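Working through the structure, step by step
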Amino acid sequence: MSKPNKCPELFQLFSIHGNNKYKFQTRRMKVMVKTIYALVAIVMTVNYCSAADIYVSPHGNDHNTGTKAKPFFSIKRAQQQARKSKGTITVYLRGGVYYLTETVEFSSKDSREKGAGVTYRSYPGEKAIISSAKVLKLQWHDYKNGIKQAHVDQDILFDELFVNGQLQHIARYPNYNPQIAHYGGFAGDAISDERINKWQDPAGGYIHALHKSEWGGFSYLITGKDGKGGLTMEGGYQNNRPAPMHAKFRYVENVFEELDTVGEWYYSKTKHTLYFYPPKNTDLNKAKIEVPQLETLFELKGTEQQPVKNISIEGLEFTQTVRTFMKTNEPLLRSDWMIYRRGALIMEGAEHCSVKNCFFNTVGGNAIVCSDYNRHNEISGCHIADIGSSGIVFTGDPKAVRSPLFRYENTNDPNKVDQTRGPQTNNYPADCLVYNNLIENIGCVEKQVAGVEISMAMNITVSHNTIDKTPRAGINISEGTWGGHIIEYNDVFNTVLETGDHGSFNSWGRDRFWYPNRKMMDSINAAQPELVLLDVIKPVIIRNNRFRCDHGWDIDLDDGSSNYEIYNNVCLNGGLKLREGFHRTVYNNIIINNSFHPHVWFNNSDDIFTHNIVMAGYFPIGIKYWGKTVDNNIFPDSLSLKKAQTRGTDQNSLYGDPGFINPSKADYRVKPESAALKVGFKNFPMDQFGVVSANLKAVAHHVAIPVLIFRSTVNNQSVYEVMGARVKNLNTLGERSATGMASETGVIVLELSSTSNLYGNIFPNDVILSLQGIQVKNINDLLKAKENIKPGAEISMEVFRDQISKKIRFILKD
């Protein structure tokens with residue numbers, strides 16, 4: 001009997017009887033043994049085909065058998081082998097870079113049964129990198145002024161250039177400066193006549209600019225010059241609120257004459273020549289030159305009828321895809337967004353699929369897109385960084401929407417609008433999970449982006465993610481269709497860095513009921529209030545998150561956003577805004593150094609705002625009606641409470657110090673004696689925001705904890721909490737007299753908590769004159785001086801105490 005080709009090691013365990021070491025006395029026994037051998041061989045072959053792992057290596061060969069010793073070369077070949085196998089399978093990708101020449105596509109042919117899924121993952125202890133780049137072997141020569149040039153024989157796409165693994169910048173004006181938030185540099189004269197006159201042939205260049213109102217951005221392709229020497233261009237469709245480009249926030253790129261600084265490059269299509277200005281001591285003839293070629297690396301593509309099922313992608317790095325900003329032109333209903341439904345990884349028509357513990361690193365467009373029908377998919381444990389567009393996108397099919405509209409100004413005829421609740425097809429994402437992902441530095445090219453974007457979807461849970469450094473929202477919900485989302489335990493900060501009028505969390509609700517004309521909206525609401533919930537058929541829950549936005553609102557529910565329940569959130573800076581909408585219940589939130597921003601509410605909105613802590617008076621705009629209930633909140637002082645009560649709200653609210661346990665350590669739970677507890681506020685955990693896995697925690701940035709600002713009831717002055725001490729500018733004659741100061745300068749200490757790390761070293765009525773050698777004339781000087789001080793540092797401080805100046809030194813307690 002011959003050995004099975006696929007299982008030689010296992011077969012040897014059962015072949016000792018075939019070596020003539022044992023002789024059988026009867027023919028019947030020999031036949032029996034041969035039969036047993038045959039059955040064992042069959043079982044081993046079947047087991048191999050049903051449960052064997054498959055191996056791939058950049059050094060493998062597709063003619064190999066796909067074993068650990070003889071791995072395949074391509075992922076596609078492993079995919080073909082996996083289709084033949086039954087049972088649970090792992091496809092191990094050995095360490096190295098897999099340069100794709102085409103997208104790896106998974107279809108319903110790759111689907112697996114429940115409990116018998118397939119996982120594509122890096123081999124333990126190794127890093128498999130998936131790239132679309134073409135590696136170029138070039139001969140470099142001097143051009144001029146430090147610039148090198150090389151001829152490129154191949155006809156390939158040049159959109160991005162990596163040198164020794166680092167992304168370089170296309171020749172641009174103004175030059176890239178990472179210290180500048182907007183575009184890394186901007187100039188109002190980027191396309192001035194004077195500048196254009198310097199360009200011989202700018203065709204193929206790009207103009208990037210913010211929206212005039214800073215509601216995202218635009219991009220344009222320069223097609224040449226007209227007869228008068230002005231630019232001709234196309235584009236500007238990347239925002240669903242058309243407007244001129246911003247006069248100041250703009251730049252140009254991919255123009256040869258702008259190649260003038262280290263790290264810039266330009267490719268001449270006509271000359272097939274690559275120009276690059278390398279850093280000093282860089283030997284380009286030994287450097288690794290990579291040029292991305294694809295938009296998408298992996299795509300799971302099925303349909304509702306034939307879905308891709310039970311495929312998991314784990315532990316891979318996805319990198320080097322081309323930018324897609326000139327293809328962002330599909331409107332997401334009446335939101336401000338346009339979208340392009342491609343990304344480094346796409347799921348469409350997928351069920352029970354997952355992307356876990358992957359690194360999406362420097363991809364040109366979106367990182368992950370879940371388009372149209374998707375059910376029970378999971379994205380977890382991923383690090384998504386340096387992304388051209390959005391981090392994770394969920395977007396359904398507009399054909400699933402009843403009476404859909406696609407521009408802000410479009411309206412439905414209220415007598416003809418479809419009044420059936422919910423979607424009309426199942427072609428949208430639902431019941432999916434985004435958990436424990438670190439999403440940072442996105443929107444490097446496009447500006448109407450989000451860490452997590454949700455549109456035309458239902459029951460999406462976004463939980464325990466850290467989202468940091470975004471030009472627009474951290475989390476965005478584009479409209480009400482169809483609700484049921486849970487946004488919880490996220491840490492979202494450094495948002496709206498390059499745009500305006502937005503929030504760390506942002507939403508719109510311009511659903512089929514909504515009209516931009518307020519008079520029309522009021523009449524429809526009075527006649528047909530049930531229309532409000534036709535699209536947002538389930539409440540959206542925002543709970544247990546921490547948000548910080550220094551350039552907008554922490555939570556921004558904009559036009560029409562309805563059917564929200566918002567509780568147990570910490571808003572660190574920008575406050576909470578509810579613009580026109582219905583059925584919003586907001587309770588038990590903590591709003592640090594800010595307050596509640598109700599804007600243009602409707603009559604009978606049914607809105608509720610109760611049991612919240614605010615640290616300033618409300619900021620209403622255009623409010624005639626105050627919803628269902630606005631009461632039982634805690635205010636910072638009697639003046640702000642009295643002002644609210646004169647408007648008819650907060651008759652049972654109180655004012656006073658909220659009594660946070662340790663605000664300098666971001667512990668905003670309140671002490672037992674806090675007035676907040678008397679109005680119904682309840683403490684909630686302060687240590688559960690953001691990512692949970694140790695590896696992501698180790699690399700995640702931390703939100704800046706604000707100095708508390710209290711509004712004094714006396715003279716309406718600001719009081720700050722710095723390192724556990726209540727302080728204010730010394731700026732009254734009475735304070736000057738009480739301290740003995742010769743002039744009204746410095747920062748006076750009002751009170752000191754026993755938990756303060758200054759306790760025992762400074763005292764009430766001290767005036768701080770300097771800190772760490774920096775003169776302190778006012779609170780801003782003090783805050784600047786303390787920026788880099790950490791627990792355990794030696795503190796040098798000058799204070800005015802007992803009518804004399806004293807220099808003190810001490811170790812700052814933890």
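The rules behind each value
- Residues numbered from 1 in each chain as written.
- Predicted model: local features only at pLDDT ≥ 70, side-chain atom pairs only at ≥ 80, totals over all residues.
- Heavy atoms only, no water.
- Pairing = 2+ DSSP bridges.
- Helix = DSSP H or I, 4+ residues; strand = E, 2+ residues; numbered from the N terminus.
- Core = buried A, V, L, I, M, F, W, Y, C linked by side-chain atoms within 4.5 Å.
- Buried < 20%, exposed > 50% of the residue type's maximum accessible area, 1.4 Å probe, protein only.
- 1 Å grid on protein atoms, 1.4 Å probe; cavity = no way out; pocket = protein on both sides within 12 Å on 5 of 7 lines; lining within 4 Å.
- Points joined across faces, edges and corners; volume = space filled by probe spheres on them.
- Nonpolar A, V, L, I, M, F, W, Y, C, P; charged D, E, K, R; others polar.
- Salt bridge = Lys/Arg side-chain N within 4 Å of Asp/Glu carboxyl O.
- Phe/Tyr/Trp six-rings, centres within 6.5 Å; stacked < 30°, edge-to-face > 60°.
- pLDDT = per-residue confidence, 0-100.
- Contact = heavy atoms within 4.5 Å.
- Polar contact = N/O pair within 3.5 Å; in protein donor to acceptor, adjacent residues only side chain to side chain.
- Arc of directions from axis to C-beta.

1. Focus on the sheet that holds strand β10 (residues 162–163)
Two strands in a sheet stick together by hydrogen bonds in their backbones, pointing the same way (parallel) or opposite ways (antiparallel). The sheet built from four strands is open, its strands ordered β7-β20-β10-β11 with antiparallel pairing. Two strands close off the open sheet at either side, each with one partner strand: β7 (133–136) and β11 (166–167). The pairing of β10 with strand β20 (residues 289–292) spans two bridges and is antiparallel. By the bridge assignment, Phe162 is partnered in β20 with Glu290.

2. Details of the nonpolar core
Grouped together as the largest cluster of nonpolar side chains are 83 residues, with contacts concentrated most on Ile130, Phe298, Phe318, Phe360, Ile368 and Phe505. Per-element tally for this core: the top contributor is strand β27 (residues 343–351), with four residues.

3. So, the sheet that holds strand β14 (residues 206–211)
Reading across from one edge, β13-β17-β14-β15-β16 is the order of the five strands in this open sheet, with antiparallel pairing throughout. One side of each edge strand has no neighbouring strand; the edge strands of this open sheet are β13 (172–173) and β16 (231–235). Pairing geometry for β14 and strand β15 (residues 217–225), over five bridges, is antiparallel. Bridge pairing in β15 links Leu210 to Gly217.

4. Focus: empty space enclosed by the protein
Applying the stated criterion across every chain yields a total of six cavities of 30 Å³ or more. As a volume, the largest cavity reaches approximately 100 Å³. For the lining of the largest cavity, the element with the highest residue contribution is β15, accounting for three residues. Within the lining of the largest cavity, the residues separate by chemical class into six nonpolar, six polar and two charged. Considering only enclosed or pocket space, the second largest cavity measures out at about 70 Å³ in volume. Considering the residues around the second largest cavity, the lining is formed by 14 residues, among which Leu333, Val401, Arg510, Asp511 and Arg512 are closest to the centre.

5. Some remarks on the pattern of salt bridges
The tally for this structure, following the rule as stated, stands at 37 salt bridges. Arg94 is paired through a salt bridge with Glu126; the nearest N and O atoms lie 2.8 Å apart. Residue Arg94 is found in the loop between β2 (89–93) and β3 (96–99), and its partner Glu126 is found in the loop between β5 (118–122) and β6 (128–131); the two are separated by 32 residues along the sequence. Note that Glu409 is salt-bridged to Arg407, the shortest N-O span being 3.0 Å. The partly exposed category is assigned to Arg407, whose relative accessible area is 30%. Linked through salt bridges whose partners overlap, the residues forming this network are Arg241, Asp336, Arg510, Asp556, Asp558, Asp559, Lys577 and Arg579.

6. Focus: the pairing of strand β36 (residues 450–455)
With respect to burial, β36 is a largely interior element, six of its six residues being buried. Pairing geometry for strand β33 (residues 392–395) and β36, over four bridges, is parallel. Across the sheet, Ile392 pairs through a bridge with Val452, a residue of β36. By the bridge criterion, four bridges tie β36 to strand β39 (residues 473–477) in an arrangement that is parallel. If you follow Ile454 over to β39, its bridge partner there is Ile477.

7. Details of the packing of aromatic side chains
With the rule as written, the count across this model stands at 32 aromatic pairs. An angle of 15° between the planes, with centres 4.0 Å apart, marks the rings of Phe158 and Tyr267 as stacked. A residue pair is termed long-range when its members are at least 10 positions apart, and Phe158 in the loop between β9 (147–151) and β10 and Tyr267 in strand β18 (residues 264–268) qualify at 109 residues. Residue Phe158 is classed as buried on the basis of its relative accessible area, which comes to 14%. Their ring planes at 75° and their centres at 6.0 Å tell us that Phe513 and Phe582 sit as a pair that is edge-to-face.

8. Topic: the confidence of the model for the protein chain
Looking at the protein chain as a whole, its pLDDT mean stands at 92, while 93% of the residues score no less than 70. Confidence over residues 1–31 falls short of pLDDT 50; this stretch has 25 contacts with residues more than four positions distant or in other chains. Confidence over residues 36–50 falls short of pLDDT 50; this stretch has 25 contacts with residues more than four positions distant or in other chains.

9. A short note on the side chain of Asp535
In this structure, Asp535 sits in the loop between α5 (518–527) and β43 (540–543). In this structure Asp535 comes out as buried when scored by relative accessible area, which is 2%. Only 3.0 Å separates the side chain of Asp535 from the side chain of Arg512, close enough to count as a polar contact.

10. Comments concerning α5
Of all the positions in α5, only Met521, Ile524 and Asn525 are classed as buried. Projected down its long axis, α5 shows its buried positions confined to an angular sector of 100°, all on one face. Of the residues in α5, the exposed ones pointing more than 90 degrees away from the buried face are Lys519, Ala526 and Ala527. Sitting at the amino-terminal end of α5 is Asn517, which places a side-chain oxygen 3.1 Å from the backbone nitrogen of Lys519.

11. A word on the side chain of Thr119
Position of Thr119 among the secondary structure elements: in strand β5. Classification of Thr119 as buried rests on a relative accessible area of 16%. Every residue in contact with Thr119, bar those within four places of it in the chain, is listed here: Ile89, Thr90, Val91, Ser312 and Glu314.

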